[in-house]
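Take a look at the letters that make up each chain.
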Amino acid sequence: MIRFMRSVGAQALERLASLGRATVMWGTAMWGLPGPGDFTLMLKQIYHVGVLSLIIIVLSAFSIGAVIALQFHTQLSRFGAEDAVGLGLALTLLRELGPVVTALLFAGRAGSAITAEIGLMKATEQLSSMEMMGVDPLHRIVAPRLWAGIISMPLLTAVFNVVAIYGGVIVAVEWLGSDPGAFWSGMRDAVELWEDVGKGMLKSVAFAVVVTWIAVFQGYDTEPTAEGIGLATTRTVVISSVVVLAMDFLLTLSMYGDF
Amino acid sequence: MQMRTIEISVGAFVLAGMLALVFLAVKVSGISLSEDRGGYIIKARFDDVSGLRLRSKVTMAGVTIGRVSGIDVDMLRGDAEVTMEIDGEEGGLTLDTGAKILTEGVLGARYVSLVPGADPDTLRDGDYILDEFTQGAFVLENLIGDIVTRLGAS
């Protein structure tokens, strides 16, 4: 019994300590503004994290948009309300699916890569040799990745939303024959710039901060062994996904819930 | 060379993202910043506003000319006070403008329809539409109840 309590306590302390380490790491990395030399580093990271994620984002967005439009169309046409397909599609995407699915894909595609990369740097002692040379790995390695993620994810979300809406257009308008005028005007009537587009983007920024933070920290804090890196990569994806979904609920509650 | 491709593709990526945002703002939301569209406010009292919501449309002759910006209940009089934001300059609506709450589409979205009158004077910012020209929401249950009692009486 005592041993059980002790293990629970040790676990809790360990979690708390790693949360503390993560906060310190994030704080110090984000504190120093990127200098002109860091800009090139960041550019490279945006390429790795953002540009290379575009393909998976575009493909998933297209399928998701098409599926939502198809579902809305089949259900709504039973009531003769196909005109609401555009509206439903746009609101679902802008408010929820755009930011959330992008964050999940981003965690799987870019987050895991960041963790593995930094973890391997740690395992091969590149990080400690940097410190030895007087280069702060937080500024050289961690900060550009954090910033790149925060810049890339909202842009990816915007691309996701647009591609998904066009996926929906192709299914609902071109294929199933909804009226394009009703589709677009219904969408425009219902969608508000700040309330839907703006808040969706705000969500995406919040997810970006959290996902890149988790990814970088898991890599930075990993056990420097092959097994440790594997575990850290898995943890990045699992923790990011769970945190994104939980945060999404809380954000939605505070943004749209009136209570 | 390699840096060049990276720079070019990042530039294209950022541009694509920005374009996507502009697209969302312009084409999808139709930039509906209802706050700074100018416009003015008129109010109307209805005996029943069932189904009317904030941001429901206000139309005249089927054209949207404003939005509902507030719905309050007046406990003393037992009716509902609806505040409407009308686009454009004041002076377009006559003093005897009528207001009806109608239903649109199969989903049953309620909206306020304004019917122009003939009075030379016009409604100013904050004015009320005269009570004798307003007509509340048509509630099916009430109507059926009415018919049943009448049938019972006859």
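Given the structure is predicted, the values throughout are model-derived calculations rather than measurements.

Scanning chain A from N- to C-terminus turns up nine helices and zero strands. The principal-axis extents of the C-alpha atoms in chain A amount to approximately 65 × 55 × 35 Å. For chain A, the residues scored as buried account for 47% of the 259 residues in total. Taking as baseline every contact in chain A between residues at least 6 positions apart, the subset at least 24 positions apart corresponds to 84%.

Further remarks concern the pattern of salt bridges. This structure, assessed with the given rule, holds 14 salt bridges over all chains. A salt bridge links A:E117 to A:R145; the shortest N-O distance between them is 2.9 Å. Here A:R145 lies in helix 6 (residues 137-175) and A:E117 lies in helix 4 (residues 85-123), a separation of 28 residues in the sequence. Taken together, the salt bridges that share partners define one network made up of B:K43, B:R45, B:D74, B:R77, B:D79, B:E81 and B:D131.

Once that is clear, we can look at helix 3 (residues 54-76) of chain A. With 23 residues, helix 3 of chain A extends 32 Å from end C-alpha to end C-alpha; this agrees with the ideal 33 Å at 1.5 Å per step. Buried within helix 3 of chain A we find A:L54, A:I57, A:S60, A:A61, A:G65, A:A66, A:I68, A:A69, A:H73 and A:L76. Looking at the buried residues of helix 3 of chain A, the elements they touch are helix 4 and helix 6 of chain A together with helix 1 (2-28) of chain B.

So, about the interface of chain B and chain A. Counting residues at the interface gives 29 residues for chain B, matched by 32 residues for chain A. Counting the surface lost from both chain B and chain A, the interface buries some 2600 Å², and carbon and sulfur atoms represent 78% of this. When the area that chain B buries against chain A is broken down by residue, the three leading residues are B:F13, B:L24 and B:V28, summing to 25%. Where chain B meets chain A, there are zero salt bridges. Taken together, chain B and chain A are joined by one residue pair in polar contact (both at pLDDT 80 or more). In terms of residues, the side of chain B that touches chain A owes the most to one element, helix 1 of chain B, which gives 18 residues. Residue composition of the side of chain B that touches chain A, by class: 18 nonpolar, six polar and five charged.

What follows is about the packing of helix 4 of chain A against helix 8 (residues 193-220) of chain A. What describes two packed helices is the angle between their axes and the distance between those same axes. Residues and elements named next belong to chain A. Here helix 4 crosses helix 8 at 15°, and the two axes come no closer than 8 Å. Classified by the interaxial angle, the pair formed by helix 4 and helix 8 is roughly parallel. For the pair helix 4 and helix 8, the sense of crossing is right-handed. Of the residues assigned to the contact of helix 4 with helix 8, the class counts are 15 nonpolar, eight polar and six charged.

Procedures and definitions
- Residues numbered from 1 in each chain as written.
- Chains lettered and ligands numbered in written order.
- Predicted model: local features only at pLDDT ≥ 70, side-chain atom pairs only at ≥ 80, totals over all residues.
- Heavy atoms only, no water.
- Helix = DSSP H or I, 4+ residues; strand = E, 2+ residues; numbered from the N terminus.
- Buried < 20%, exposed > 50% of the residue type's maximum accessible area, 1.4 Å probe, protein only.
- Contact = heavy atoms within 4.5 Å.
- Salt bridge = Lys/Arg side-chain N within 4 Å of Asp/Glu carboxyl O.
- Expected span 1.5 Å × (residues − 1).
- Buried area = accessible area lost by both parts, 1.4 Å probe.
- Polar contact = N/O pair within 3.5 Å; in protein donor to acceptor, adjacent residues only side chain to side chain.
- Nonpolar A, V, L, I, M, F, W, Y, C, P; charged D, E, K, R; others polar.
- Axes fitted to C-alpha atoms, helices over the stretch in contact; angles between N-to-C directions.
- Parallel < 35°, antiparallel > 145°, perpendicular 65-115°, else oblique.
- Left-handed = near helix turned anticlockwise from the far one by under 90°.

Worth remembering: the numbers are spatial, not functional.
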